[in-house]
Amino acid sequence: MKKPLREQDFYNDPAVNPHFNDLRELMYSSVERFSEQPMFLDKEELSDPYGAVLFREALEHMNGLGTSFLDLGLKGKKIVVIGENSYLWFLTYMAVVNGVGVIVPLDKDLTSEEIAQMTVRAGAAAVVHSDKAEAKVIKALNDTGFKTQRISMKIAAHSEDCLSLRQLITEGKAKVAAGDRRYIDMELDREAMCTLLFTSGTTGVAKGVMLSHKNIASNVVQTAKYVNVHNYVGLCVLPMHHCYAMSDQILVGTSQGNCVAINASLRHILDNMKEAKVNVLLGVPLIFEFMYKQIWKQAEKK
């Protein structure tokens, strides 16, 4: 009978915590070990049940979307992603950094003026946005007259002024299935910038922070040595555009086969935890204080 891994054995076992040099290696390593396991639990609407995306499916989607991005001439370009947490947000991030260009994650709560400023400063060639962020993105681009390709996570098909992220995934997958390996075989420079993050601007104008695959991958590898979320289910509450959530929950979780359930909203944390059978939660003090108050409110009612 196989003995259970002790904590120190778990952290040092390369079969559980493998070393990887970039985020593409992370994806392929995880798919090899967790192919048919759910990687994400997400829902279209608040009232919908969770739908699962398997590790294998996520890799297929990433390669398909990356191939379509290359067809759009986005190789080496900066691409903004803005919107609430979702599987499609994560997919956009991974497709861009793993063979296309530089991802520029923006806070969904920014004003249209701030979105305009950061998009122009980054020199973004495309903006991928959620349905809720669409109005602010359109206003930002119209106010500046900045020419960039707009891509929606919501619409099912391309329109005259906006491309559909979902259709790009489908089109790219078909090309990969037909033998197109341009994206899959793209050589990565782990020292080059792959992510441009803007600071909160608390003390002045937001500053752009340049991160490479080496920066992010080394952080994830080292963090994974102190975290055991192997085959657990985690609830993603913190915004993905923050390094803390993306590296310590999403990417560390990916490396260990953790399934990430997307939290619909703060008001639904407890409901989402129950529905997804969550046993890991990454948060900040405010999150846990909110949960504590919600639990006591329910207790007082009874």
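Please read all numbers here as calculations on a predicted model, not as lab measurements. (Residues numbered from 1 in each chain as written. Predicted model: local features only at pLDDT ≥ 70, side-chain atom pairs only at ≥ 80, totals over all residues. Heavy atoms only, no water.)

A.B. asks: Sorry, what's going on with the overall build of the protein here?
C.D. replies: Helix and strand counts for the protein come out as 11 helices and 12 strands. The C-alpha radius of gyration computed for the protein amounts to 19 Å, which stays within 12% of the reference 19 Å derived for 302 residues, consistent with globular compactness. Taken along the three principal axes of its C-alpha coordinates, the protein extends 60 × 50 × 40 Å. Residues classed as buried in the protein amount to 49% of the 302 residues present. Restricting the contact set of the protein to residue pairs at least 6 apart, pairs at least 24 apart contribute 69%. (Helix = DSSP H or I, 4+ residues; strand = E, 2+ residues; numbered from the N terminus. Rg over C-alpha atoms; globule rule 2.2 N^0.38 Å. Buried < 20%, exposed > 50% of the residue type's maximum accessible area, 1.4 Å probe, protein only. Contact = heavy atoms within 4.5 Å.)

A.B. asks: Just to check I follow, could you spell out the environment of Ile-169 for this structure?
C.D. replies: With respect to the helices and strands, the residue Ile-169 is situated in helix 7 (residues 165–177). The exposure class assigned to Ile-169 is buried, which follows from its relative accessible area of 8%. With 22 residues separating them in the primary sequence, Ile-169 and Lys-147 have C-alpha atoms 23 Å apart. With near-sequence residues (within four places) excluded, Ile-169 lies in contact with His-61, Gly-64, Leu-65, Leu-88 and Leu-91.

A.B. asks: What exactly am I supposed to notice about the layout of surface pockets here?
C.D. replies: Over the atoms rolls a probe the size of a water molecule, and in doing so it shows where empty space is left. Each pocket or cavity is described by its volume, and for the largest pocket that value is around 1,400 Å³. Considering the residues around the largest pocket, the lining is formed by 48 residues, among which Glu-84, Asn-85, Ser-86, Ile-262 and Ala-264 are closest to the centre. No other element matches helix 4 (residues 87–97), which puts 4 residues into the lining of the largest pocket. Of the volumes computed, that of the second largest pocket is approximately 340 Å³. Forming the walls of the second largest pocket are 19 residues, and the residues nearest its centre are Leu-110, Met-118, Phe-198, Thr-199 and Ser-200. Breaking the lining of the second largest pocket down by element, the ones donating at least two residues are strand 4 (102–106), helix 5 (112–122) and strand 8 (193–198). Residue contributions to the lining of the second largest pocket peak at 3 residues, all from helix 5. For the lining of the second largest pocket, the residue count by class is 9 nonpolar, 7 polar and 3 charged. (1 Å grid on protein atoms, 1.4 Å probe; cavity = no way out; pocket = protein on both sides within 12 Å on 5 of 7 lines; lining within 4 Å. Points joined across faces, edges and corners; volume = space filled by probe spheres on them. Nonpolar A, V, L, I, M, F, W, Y, C, P; charged D, E, K, R; others polar.)

A.B. asks: I'm lost on the sheet that holds strand 2 (residues 51–54) in this one. Help?
C.D. replies: Strand-to-strand pairing in sheets goes through backbone hydrogen bonds, with the strands running parallel or antiparallel. Across the sheet, 5 strands lie side by side as 2-1-11-10-12; this open sheet has mixed pairing. A single partner strand is all that each edge strand has here, and the edge strands are strand 2 and strand 12 (280–281). Summarising the sheet, strand 10 (residues 233–236) and strand 12 pair through 2 bridges and their orientation is parallel. Bridge pairing in strand 12 links Gly-234 to Val-280. Seen against the sheet, helix 3 (residues 55–71) touches strand 1 (38–42) and strand 2 and runs at an angle of roughly 75° to strand 2. (Pairing = 2+ DSSP bridges. Axes fitted to C-alpha atoms, helices over the stretch in contact; angles between N-to-C directions.)

A.B. asks: What's the story with the pairing of strand 4 in this structure? I'm lost.
C.D. replies: Here is the key point about a regular strand: its side chains alternate between the two faces of the sheet. Within strand 4, 5 of the 5 residues are buried, which leaves it mostly tucked inside the rest of the structure. Side chains of strand 4 alternate between two faces, with Val-102, Val-104 and Leu-106 and Ile-103 and Pro-105 buried alike. Across 5 bridges, the pairing between strand 3 (residues 78–82) and strand 4 is parallel. Directly across from Lys-78, in strand 4, lies its bridge partner Val-102. Viewed along the sheet, the connection from strand 3 through helix 4 into strand 4 turns out right-handed. (Right-handed = clockwise from strand over helix to strand, strands pointing away.)

A.B. asks: For this particular structure, what's the right way to read the side chain of Ser-112?
C.D. replies: Following the sequence through the fold, Ser-112 ends up in helix 5. Judged by relative accessible area, which is 8%, Ser-112 ranks as buried. The contact partners of Ser-112, leaving out residues within four places of it in the chain, are Lys-136, Lys-139 and Ala-140.

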